[in-house]
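Secondary and tertiary structure notes
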Amino acid sequence: MVRPMEVAFQAKPGQRVNFALELKNTGGTNPAPKTFEIMAYDLAQTPSGGWTGVAPSLDGGRNAAVSCREWINLPRASFTVEPMRMRQARVEMTIPANAKGSYFASLYVKERAPEGVNIAMAFQVPIMVEIQGRTVRQRVEIDDVDMRFREAEPQSPATTLVRLDVANNGRTFSTVEGRMRLRAQVQDKWLTVADVDYKEKRILPGVKLNLLSDLERRLPSGTYKLEGTLYVDGRRVKPLEKTISFTGDPTVEKIALDSALYLEPPELFVESTPGAMRTAVLRLRNASPDTITVETYSTIPKDLAGVSMGELMGHDLSCADWIRIYPEKFRIRGGATQNVRVVTNLPRTGADHSTYYGDLVFESAYPDGQSAGTTRTLVCLGNSAKDAQLDAAISETSLAAGGESGYVVTSRCVNIGGKHFTPRVRADLVTGIGEVVQSVDMEGESGLMLPLATRRFSGTLDFAEVEEGTYELRTTLVYGEDENTAMTTPVHVTREGGAVTVSVLERAAADEGDGDRAG
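Treat the numbers as computed from the prediction; the structure is a model and nothing was measured. Residue positions within a chain follow its written sequence, with the count starting from 1. At least 70 in pLDDT is required for a residue's local features to be given in this predicted model, at least 80 for side-chain atom pairs to be given and counted, and no such filter applies to totals for whole chains, interfaces and linings, which use all residues. Side-chain figures throughout are based on the complete set of non-hydrogen atoms in the structure, without hydrogens or water.

Let us now look at the overall build of the chain. The secondary structure content of the chain amounts to 1 helix and 37 strands. On C-alpha atoms alone, the chain measures out to a radius of gyration of 26 Å, which is about the 24 Å that the 2.2 N^0.38 rule sets for 519 residues. Its C-alpha atoms put the chain at 70 × 70 × 55 Å along the principal axes. Buried means the residue's accessible area, taken with a 1.4 Å probe over protein chains only, is under 20% of the maximum for its type, while exposed means over 50%, and partly exposed covers the values in between. Across the 519 residues in the chain, those meeting the buried criterion constitute 46%. At a minimum sequence separation of 6, the contacts of the chain that also span at least 24 residues come to 70%. Computed with a 1.4 Å probe, the accessible areas rest on the Shrake-Rupley method; for each residue, only the protein chains presented here act as cover. Total accessible area on the chain stands at roughly 26000 Å², and carbon and sulfur atoms take up 45% of it. By the counting scheme adopted, Arg and Lys are positive, Glu and Asp are negative, and His together with the chain ends is not counted. Think of each charge as sitting on NZ of Lys, CZ of Arg, CG of Asp or CD of Glu. Distance between charge centres in the chain, computed from 59 positive and 68 negative side chains, equals 4 Å. Under the scheme used here, helices are H or I runs from DSSP no shorter than 4 residues and strands are E runs no shorter than 2 residues, and both carry numbers assigned from the N terminus. Both definitions apply: the radius of gyration is a C-alpha atom measure, and the globule rule equals 2.2 Å times residues to the power 0.38. Residue contacts are defined here by distance: any two heavy atoms, one from each residue, within 4.5 Å place the two residues in contact.

What follows is about unusual backbone geometry. Leave glycine aside and you will find that most residues have negative phi; peptide bonds, for their part, are mostly trans. With an omega dihedral of 0°, the bond running from Glu264 to Pro265 counts as a cis peptide bond. Note that Pro265 resides in the loop between β19 (261-264) and β20 (268-272). With a phi close to 65°, Met84 is a non-glycine residue in the positive phi region. With phi around 75°, Leu452 is a residue other than glycine that occupies positive phi space. By secondary structure assignment, the location of Leu452 is in the loop between β33 (436-441) and β34 (454-462).

So, on to the pattern of salt bridges. The working definition used for a salt bridge is a side-chain nitrogen of Lys or Arg within 4 Å of a carboxyl oxygen of Asp or Glu. One pass over the structure, following the stated rule, counts 26 salt bridges. Notably, a salt bridge pairs Lys208 with Asp143, separated by 2.9 Å at the nearest N-O pair. Of the two residues, Lys208 sits in strand β15 (residues 208-214) while Asp143 sits in strand β11 (residues 140-150), which places them 65 residues apart along the sequence. Accessibility expressed as a relative area gives 42% for Lys208, which makes it partly exposed.

What follows concerns the layout of surface pockets. Residues are said to line a cavity or pocket when one of their atoms sits within 4 Å of a point; the points come from a 1 Å grid over protein atoms alone, cavities being sets where a 1.4 Å probe fits but cannot get out and pockets being open sets with protein on both sides within 12 Å along at least five of seven lines. Grid points are joined across faces, edges and corners, and a volume is the space filled by probe spheres set on the points. There is about 360 Å³ of room inside the second largest pocket. If you trace the second largest pocket, you find 17 residues lining it, with Asn25, Gly27, Lys34, Glu111 and Met121 closest to the centre.

What follows concerns the sheet that holds strand β32 (residues 424-430). The criterion for strand pairing is that DSSP finds at least two bridges linking the strands in question. The 5 strands lie next to each other as β33-β32-β35-β36-β37, forming an open sheet whose pairing is antiparallel. With one partner strand each, in any of the chains shown, β33 and β37 (499-504) form the two edges of the open sheet. On average, each strand axis in the sheet is inclined to that of its neighbour by 25°, with strand direction left out of account. Relative to strand β35 (residues 469-478), β32 is paired through 7 bridges, and the arrangement is antiparallel. Angles run from 0 to 180 degrees between N-to-C directions of axes, and those axes are lines fitted to C-alpha atoms, restricted for helices to the stretch in contact.

To continue, consider the sheet that holds strand β6 (residues 72-73). In spatial order, the strands read β1-β3-β8-β6; together these 4 strands make up an open sheet with antiparallel pairing. Pairing within the sheet leaves two strands with one partner each, and these edge strands are β1 (2-3) and β6. Strand direction decides the pairing type here: strand β3 (residues 16-24) and strand β8 (residues 86-94), joined by 9 bridges, are antiparallel. Among the inter-strand pairings, Arg16 is bridged to a residue of β8, identified as Thr94.

Looking now at the nonpolar core. Counting residues in each nonpolar core, the largest one holds 36 residues, and the members touching the most others are Met147, Leu182, Leu219 and Tyr224. Counting only elements with at least two residues in this core, the list comes to β11, β12 (159-168), β13 (174-186), β14 (189-203), β15, β16 (222-232) and β18 (240-246). Residues contacting Leu219, with those up to four places away along its chain left out, are Met147, Thr160, Leu182, Val193, Tyr224, Phe246, Gly248, Asp249, Val252, Ile255 and Ala256. Grouped together as the second largest cluster of nonpolar side chains are 31 residues, Ala11, Phe19, Ala89 and Ala105 included. Buried Ala, Val, Leu, Ile, Met, Phe, Trp, Tyr and Cys residues form a nonpolar core when they are joined through side-chain atoms within 4.5 Å.

Each Phe, Tyr or Trp ring (for Trp, its six-membered ring) is paired with any other whose centre lies within 6.5 Å, and the angle between the two planes then decides the class: stacked below 30 degrees, edge-to-face above 60, tilted in between. Throughout the structure, instances matching the rule amount to 9 aromatic pairs. A ring pair is formed by Phe9 and Phe19, whose centres lie 6.2 Å apart and whose planes are at 50°; its orientation type is tilted. Here the residue Phe9 occupies a position in strand β2 (residues 7-11), and Phe19 occupies one in strand β3, the gap between them amounting to 10 residues. Aromatic pair Trp71 and Tyr103: ring centres 4.7 Å apart, planes at 50°, arrangement tilted. Of this pair, Trp71 sits in the loop between β5 (51-54) and β6 while Tyr103 sits in strand β9 (residues 101-111), and the two are 32 residues apart along the sequence. The residues Trp71 and Tyr103 share a single accessibility class, namely buried. Put simply, a charge is over a ring when the Lys NZ or the Arg CZ is close to the ring centre, within 6 Å, and near the line of the ring normal, within 35 degrees. Geometry around Phe79 places Arg76 over its ring, the cationic atom sitting 4.6 Å from the centre. The ring of Tyr103 carries the charged tip of Arg171 above its face, separated from the ring centre by 5.3 Å.

Written out as structure tokens, the structure reads:
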């Protein structure tokens with residue numbers, strides 16, 4: 001076991017940074033001492049967004065402009081760890097004085113295979129360093145959209161794939177989330193075939209991602225329109241629309257559209273007590289003209305999957321296993337409605353939290369088996385025996401150049417309480433006497449933010465008319481009726497030749513320069 005599995009931090013130019021990896025020998029079926037070797041690699045990305053390491057011997061495959069591999073010093077490169085014991089591997093980094101933007105590397109940790117064994121365990125630990133101070137440009141955009149028909153393969157049926165290409169031509173390390181609406185031209189109308197979501201990915205500077213989504217259906221040849229939408233750090237950027245002549249499955253004539261399945265209510269809030277069973281009713285309406293088959297199940301919400309905070313794991317807050325849906329499978333005619341009973345059973349013991357969460361998933365299909373889309377709704381199961389506590393934090397705020405005078409403010413917000421809320425985030429540029437000179441309501445994922453969830457919100461401040469001087473950049477997260485939290489970041493505005501430059505200051509530097517504070 002290697003911890004942490006990812007290292008991310010902010011640093012100043014010229015700073016020396018130290019951290020440690022924990023190497024644990026968990027014993028296994030044949031407990032014995034194990035030797036681990038550690039090497040510094042470059043960090044790269046696959047077109048689908050996965051991390052991959054580039055060995056020093058393959059320098060031609062790295063992005064040298066954002067590599068911090070050569071900053072890494074490993075005082076020791078190998079460690080022998082006894083069974084059920086842990087050792088720390090110290091890592092040292094020296095940040096160059098001229099560094100700016102974001103830099104990346106990875107530590108490749110490999111178990112030395114015993115003699116005669118050709119397979120050994122290996123880990124890759126990404127390292128992400130954001131340099132404080134000088135701002136860099138954010139230029140993440142949709143590069144292309146496309147679709148193609150994939151013929152049947154031995155392990156998979158024929159289907160249609162929709163692709164969203166995202167390019168990071170700037171210097172920021174950003175989070176992207178995409179959506180695509182696919183329309184088909186039928187006579188003189190454009191009919192919506194499917195709405196596709198592309199899950200959140202992080203993208204390195206200089207990287208182009210090719211994000212694929214499987215529609216799980218075969219489409220006929222014809223004229224189609226692809227409407228791509230991209231959210232960068234929560235902020236919607238310029239969309240891309242493209243009309244194409246598509247060569248599809250020659251055996252298919254009718255277009256399989258997503259069914260318009262509407263749920264009432266759109267979310268379920270159930271109050272319960274330990275040991276109690278509660279029943280709620282969902283009404284489903286098939287607004288499309290076609291008969292479909294619907295299969296239902298419950299699952300852990302995406303905000304809780306694979307996350308933790310201290311000893312609390314995301315799955316500890318899931319009630320997916322306590323939910324039963326009746327009927328589990330049914331047919332619903334075009335224009336008809338169907339009632340579904342959702343039964344929750346809060347355990348008598350072990351329910352230590354105030355609220356639990358589960359996703360109800362409704363997968364629709366046509367009689368021939370082709371997908372007719374997926375609909376989800378959230379179940380919030382309240383435990384009246386425990387008090388709910390709202391709490392939230394802004395863990396970081398960054399600034400990046402986004403145009404001639406526009407600067408993109410990005411904040412990372414975390415729900416550190418025990419209950420959901422609907423977040424609202426605002427950025428204000430404030431003078432030393434408290435005067436607000438610029439404000440923006442920041443964009444991000446809408447809807448309820450569950451405990452342990454992390455979201456990024458972004459907005460653009462226009463500095464075209466802002467005078468030179470030092471200001472406070474204040475980002476505020478509102479997470480309840482009267483609850484809010486804020487983070488302040490000192491920034492300095494300078495002008496030269498008509499151009500405006502905004503730099504992020506250290507707190508100490510800002511305090512020393514109070515005489516230069518604007519206002």
